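Structural features, examined
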Amino acid sequence: MTKPDTAERILDIAEKAARTGGYNAFSFREIAAEIGIKSASVHYHFPTKEALGEALAGRYSDNFFKVLGDPQGAEPAELLKRYVAAYGAALKQDGLMCLCGVFGAEIADLPPPVARATRAFFERNLDWLRQVHCRHGMAPEQAEKAAAHMIAALEGAMILARAMGDAALFDAAVARLS
């Protein structure tokens with residue numbers, strides 16, 4: 001395994017654990033054992049768990065926005081459908097929660113860099129949705145409220161569906177969002 005491959009594999013394993021059980025659901029020792037390397041090798045790529053958590057939130061956010069694309073790049077209705085679908089895919093295809101949603105729920109206990117990266121995810125979401133809603137004809141203050149409502153509804157729908165073991169509840173909860 002090359003160095004970049006190892007770092008990506010570390011992030012993949014940590015992300016899956018965190019999206020299942022939160023920030024405290026992974027350790028360097030467990031990650032190393034799953035990959036078949038020494039714990040020191042994990043520390044080589046990510047000196048601290050804080051650095052790993054910050055990298056996780058940053059990578060998750062970047063990947064999420066790659067899927068969404070430019071908020072000016074398509075018709076607003078299509079962008080909103082894409083947004084809802086991105087959340088749905090995380091739940092239905094991956095069987096996991098939104099990483100930053102999980103981190104957001106435990107933000108008071110996160111190290112400051114991880115908390116900042118988590119907040120940055122939500123700030124980017126609010127900004128992206130605000131732009132889309134404004135293009136859809138909403139006034140800026142209405143767009144702000146609609147963006148917050150949409151994020152809250154999607155995160156809540158994920159929690160409900162996961163808690164009940166029924167992905168159809170996600171679809172029912174978000175049917176009117178896009």
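Bear in mind the structure is a predicted one, so any value in this text is a computation, not a measurement.

As enumerated under the stated definition, the model contains 11 aromatic pairs in all. Taking the centre distance of 5.6 Å and the plane angle of 20° together, the rings of Tyr 83 and Trp 128 count as stacked. Within this pair, whereas Tyr 83 is found in helix α5 (residues 76-92), its partner Trp 128 is found in helix α7 (residues 112-135), the two being separated by 45 residues in sequence. On the basis of relative accessible area, Tyr 83 is assigned to the buried category, the value being 0%. Trp 128 gets classed as buried once you look at its relative accessible area, which sits at 3%. An aromatic cluster of three or more residues is present, and its members are Tyr 60, Phe 64, Phe 65, Tyr 83, Tyr 87, Phe 121, Phe 122 and Trp 128. If you follow Lys 49 out to its NZ or CZ, it ends over the ring of Tyr 23, 4.7 Å from the centre. Lying across the ring of Phe 26, Lys 49 places its NZ or CZ 4.5 Å from the centre.

Moving on, we get to the packing of helix α4 (residues 49-68) against α7. Their axes nearest at 7 Å, the elements α4 and α7 cross at an angle of 15°. Considered as vectors, α4 and α7 are oriented roughly parallel to each other. The handedness of the crossing between α4 and α7 is right-handed. From α4, Glu 50, Gly 53, Glu 54, Ala 57, Tyr 60, Ser 61, Asp 62, Phe 64, Phe 65 and Leu 68 reach across to α7, where they touch Pro 113, Val 114, Ala 117, Thr 118, Phe 121, Arg 124, Asn 125 and Trp 128. Of the residues assigned to the contact of α4 with α7, the class counts are 10 nonpolar, four polar and four charged.

Before going further, it helps to examine the pattern of salt bridges. Applying the stated criterion across every chain, the model contains 10 salt bridges. The shortest N-O distance in the salt bridge between Arg 9 and Glu 34 comes to 3.9 Å. Placement of the pair is Arg 9 in helix α1 (residues 3-21) and Glu 34 in helix α2 (residues 28-35), with a sequence separation of 25 residues. For Arg 9, a relative accessible area of 33% corresponds to the partly exposed category. With a shortest N-O distance of 2.9 Å, Asp 12 and Arg 59 are connected by a salt bridge. Residue Asp 12 is located in helix α1, and its partner Arg 59 is located in helix α4; the two are separated by 47 residues in the primary sequence.

Before going further, it helps to spend a moment on the nonpolar core. Leu 52, Tyr 83 and Tyr 87 are the most contacted members of the largest nonpolar core, which has 56 residues in total. Elements with a contribution of two residues or more to this core: α1, α2, α4, α5, α6 (99-105), α7, α8 (140-164) and α9 (167-174). Among all residues touching Leu 52, those that are not within four sequence positions of it are Ile 10, Leu 11, Ala 14, Phe 26, Phe 28, Ile 31 and Phe 46.

Turning our eyes to something else, we now look at the side chain of Arg 19. The residue Arg 19 is located in helix α1 in this model. Here the side chain of Arg 19 touches Met 97 through a polar contact of 2.6 Å, landing on its backbone oxygen. Not counting residues within four places of it along the chain, the set of residues in contact with Arg 19 comprises Tyr 60, Ala 90, Asp 94, Leu 96, Met 97, Leu 99, Val 102 and Arg 162.

Cut-offs used in this document
- Residues numbered from 1 in each chain as written.
- Predicted model: local features only at pLDDT ≥ 70, side-chain atom pairs only at ≥ 80, totals over all residues.
- Heavy atoms only, no water.
- Phe/Tyr/Trp six-rings, centres within 6.5 Å; stacked < 30°, edge-to-face > 60°.
- Helix = DSSP H or I, 4+ residues; strand = E, 2+ residues; numbered from the N terminus.
- Buried < 20%, exposed > 50% of the residue type's maximum accessible area, 1.4 Å probe, protein only.
- Lys NZ or Arg CZ within 6 Å of the ring centre and 35° of its normal.
- Axes fitted to C-alpha atoms, helices over the stretch in contact; angles between N-to-C directions.
- Parallel < 35°, antiparallel > 145°, perpendicular 65-115°, else oblique.
- Left-handed = near helix turned anticlockwise from the far one by under 90°.
- Contact = heavy atoms within 4.5 Å.
- Nonpolar A, V, L, I, M, F, W, Y, C, P; charged D, E, K, R; others polar.
- Salt bridge = Lys/Arg side-chain N within 4 Å of Asp/Glu carboxyl O.
- Core = buried A, V, L, I, M, F, W, Y, C linked by side-chain atoms within 4.5 Å.
- Polar contact = N/O pair within 3.5 Å; in protein donor to acceptor, adjacent residues only side chain to side chain.

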